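Remarks on the overall topology
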Amino acid sequence: MLNDTLRPPRARLYLIDIGLIAVALSWGASYSLMKLIIQAGVAVPLFLMLRFALSVPFMFMGTRINFAKIRQGEVVNGVIFGVLLYAILTFETLGVKYTTASNAGFLIALSVILVPIFERVIGKKRQSNMVYLMCLLSLVGGGLLSFSDSRFFSFNSGDILILLAALIRGFQIFMFGRQTVGKDYSLVHITLIELVTVAVLGLVGVSLFSPSSFSMILHIPYHIWGYILFLSLFATAFSFLMQLYAAKVTSPTRVGLIISLEPAFAAMFAIIIMQEHIGLLQSIGGGIILFSALVGRMIEGK
């Protein structure tokens, strides 16, 4: 991590910020695109296999990988985080099938607020009381999101799946810090192994649960292939590399604050692509979650 004396010039920082906004945009669009891919009949394991198998070559194009220098600890952590990521994306992809893309984007943001809770319960590390207040406030936002236009409180199965994804994502973020702090690991190596692990688990999932899906690969429409390639290149390979680079030359907090725009972009793309309608209470709930995540990151950063 670079210190303040080595901070890059302001113009370069702006370019990095633009790159991070592109990450948030691609992640925001991913919920609507995943919904369209699943609606087209692509099975979840097949989608994850294709998305991550295609992202690995892009990783090689974006960075240099020296296999001889990959350490055992990097392999172990890469596999662990890959398993967790596979679980997250399975719940996310299944979740957007049954809920709205905008709800998915806002609910997954709860993962940011869950990290301090994991740190307190498992890591025995106490945060500022304001951070816990933001955790409580975000739960209020999640409750408001569950109100339908008829103003009844009801989480559907898709919302529950997204909440499970957020829970695992928060745990993954906590574990990443716990497993890598103070260790001279290559984050690029860990990320590469993580992506390969997800692709392999996708292959295993297709082989075990929907082997007939393999025959569908040749029949996937061109526009659906376009969505999958977009998610592979921009929402996976580029996003992971951009985050690693930005965190190295700026700070994780700066990266996190910009990435926290993801739910807002998810709602924007849900309205544009899926023609979703967001009610007043749902808008307020989503806004509260976004506010809590941003403020919580700022307080934690300080």
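Residues numbered from 1 in each chain as written. Predicted model: local features only at pLDDT ≥ 70, side-chain atom pairs only at ≥ 80, totals over all residues. Heavy atoms only, no water.

1. So, the overall build of the protein chain
The condition that has to hold: For the purposes of this entry, the term helix denotes a DSSP run of H or I that reaches at least four residues, the term strand denotes a run of E that reaches at least two, and both are numbered from the N terminus. As a reference, a globule follows 2.2 Å times the number of residues to the power 0.38, and the radius of gyration itself is taken over C-alpha atoms. Throughout, exposure labels follow a simple rule: accessible area from a 1.4 Å probe, protein chains only, divided by the maximum for the residue type, with under 20% read as buried, over 50% as exposed, and the rest as partly exposed. Two residues form a contact once any of their heavy atoms are found within 4.5 Å. Under the convention used here, a 1.4 Å probe and the Shrake-Rupley method define accessible areas, while residue burial counts only the protein chains that appear. None of His or the chain ends enter the tally, which takes Lys and Arg as positive and Asp and Glu as negative. To locate a charge, the coordinates of NZ of Lys, CZ of Arg, CG of Asp or CD of Glu are taken.
When its secondary structure is counted, the protein chain shows twelve helices and zero strands. When the helices and strands of the protein chain are read in sequence order from the N terminus, they spell out α-α-α-α-α-α-α-α-α-α-α-α. Over its C-alpha atoms the protein chain spans a radius of gyration of 19 Å, differing by no more than 12% from the 19 Å that the globule rule assigns to 302 residues. Principal axes of the C-alpha set define a box for the protein chain whose edges measure 55 × 50 × 40 Å. Counting every position in the protein chain, which comprises 302 residues, the buried fraction comes to 50%. The contacts in the protein chain between residues at least 6 apart in sequence include a share of 89% that link residues at least 24 apart. As displayed, the protein chain has an accessible area near 14,500 Å², and 69% of this comes from carbon and sulfur atoms. Between the centroid of the 21 positive side chains of the protein chain and the centroid of its 12 negative side chains there is a distance of 6 Å.

2. Details of the UniProt feature "domain: EamA" (unreviewed entry) in the protein chain
Quick note on the threshold: UniProt positions are given in the numbering used here, feature names are shortened, and annotations may be inferred rather than shown by experiment.
Mapped onto this numbering, the UniProt entry annotates "domain: EamA" (unreviewed entry) at residues 17-145 and 157-294. Annotation note: span residues 17-145, helix share 82%, strand share 0%, distance between end C-alpha atoms 29 Å.

3. Re helix α5 (residues 110-121)
For the record, the criterion: For a helix, the expected span equals 1.5 Å multiplied by the number of residues minus one.
Taking 1.5 Å of rise per residue, twelve residues should cover 16 Å, and α5 covers 17 Å from first to last C-alpha, within 8% of that figure. The buried fraction of α5 is high, at nine of twelve residues. All buried positions along α5 are accounted for by L110, S111, V112, I113, L114, V115, P116, F118 and E119.

4. Some words on helix α4 (residues 101-108)
Each α-helix turn comprises 3.6 residues. Residues three or four places apart therefore point the same way. Counting buried residues in α4 gives eight out of eight residues, a clear majority hidden from the surface. A101, S102, N103, A104, G105, F106, L107 and I108 are the residues of α4 that are buried.

5. Observations concerning the environment of G158
For G158, the position within the fold is in helix α7 (residues 157-180). With 31 residues separating them along the chain, G158 and Q127 place their C-alpha atoms 31 Å apart. Apart from the residues lying within four places of it in its own chain, the contact partners of G158 are G95, Y98 and T99.

6. Some remarks on unusual backbone geometry
Of note, Q275 is a non-glycine position whose phi angle comes to about 55°, a positive value. Judged by relative accessible area, Q275 falls into the exposed class, the value being 60%.

7. So, a nonpolar patch on the surface
Using the following cut-off: A patch consists of residues whose relative accessible area exceeds 30% and which take part in no salt bridge; residues with like charges are grouped when within 9 Å of each other, and nonpolar side chains (Val, Leu, Ile, Met, Phe, Trp, Tyr) when within 5 Å. Counted as salt bridges are all cases of a side-chain nitrogen of Lys or Arg within 4 Å of a carboxyl oxygen of Asp or Glu.
Taken together, the side chains of V196, V200, V204, L208 and F209 present a nonpolar region at the surface, about 490 Å² in accessible area. Summarising the element assignment, V204 is placed in helix α8 (residues 187-209).

8. What about the packing of aromatic side chains?
Selection rule: For Phe, Tyr and Trp, where Trp contributes only its six-membered ring, two rings pair if their centres lie within 6.5 Å, and the inter-plane angle classes them as stacked under 30 degrees, edge-to-face over 60, or tilted in between.
All chains considered together, the criterion is met by seven aromatic pairs. A ring pair is formed by F171 and F174, whose centres lie 6.3 Å apart and whose planes are at 40°; its orientation type is tilted. Residue F171 and its partner F174 are located together in helix α7, separated by three residues, close to a single helical turn. For the ring pair F230 and F234, a centre distance of 5.3 Å and an interplane angle of 40° mean the geometry is tilted. With F230 and F234 both in helix α9 (residues 222-249) and four residues apart, this pair spans about one turn of that helix.

9. Some details on the packing of α5 against α7
Packed helix pairs are characterised by how far apart their axes lie and by the angle those axes make with each other. For clarity, the cut-off: Only the contacting stretch of a helix is used when fitting its axis, a line to C-alpha atoms as for every element, and angles between N-to-C directions run 0 to 180 degrees. To sort the angles, those under 35 degrees are grouped as roughly parallel, those over 145 as roughly antiparallel, those from 65 to 115 as roughly perpendicular, and the leftovers as oblique. Left-handed describes a crossing whose near helix is turned anticlockwise from the far helix by less than a right angle; the clockwise case is right-handed. All amino acids are sorted into three groups, where Ala, Val, Leu, Ile, Met, Phe, Trp, Tyr, Cys and Pro are nonpolar, Asp, Glu, Lys and Arg are charged, and the leftover types, Gly among them, are polar.
At their nearest, the axes of α5 and α7 sit 8 Å apart, and the two run at 50° to each other. With respect to α7, the element α5 is oriented oblique. Handedness of the α5/α7 crossing: right-handed. For the pair α5 and α7, contact is made by L110, S111, L114, V115, F118 and E119 and by L163, A166, L167, R169, G170, F171, I173 and F174, respectively. Its residues assigned to classes, the contact of α5 with α7 shows ten nonpolar, two polar and two charged.

10. A word on the confidence of the model for the protein chain
Do not read the fine detail of predicted coordinates wherever pLDDT is low. What counts, and what does not: The predictor rates its confidence in each residue with pLDDT, a number between 0 and 100.
The pLDDT averaged across the protein chain works out to 84; a share of 92% of its residues lies at or above 70. When mean pLDDT is compared element by element in the protein chain, helix α3 (residues 72-98) scores highest at 93, while helix α10 (residues 252-259) scores lowest at 73. Within the model, pLDDT remains below 50 along residues 1-5, and this stretch shows five contacts once partners closer than five positions in the same chain are excluded.

11. Observations regarding the nonpolar core
The criterion, for reference: Only buried Ala, Val, Leu, Ile, Met, Phe, Trp, Tyr and Cys residues count toward a nonpolar core, and they belong to the same one when joined by side-chain atoms within 4.5 Å.
Grouped together as the largest cluster of nonpolar side chains are 71 residues, with contacts concentrated most on L20, Y31, F47 and F52. Among the elements that take part in this core, α9 stands out by supplying eleven residues, more than any other. Contacts of F47, omitting those with residues within four sequence positions, involve M34, I37, V42, T93, I228 and L231.

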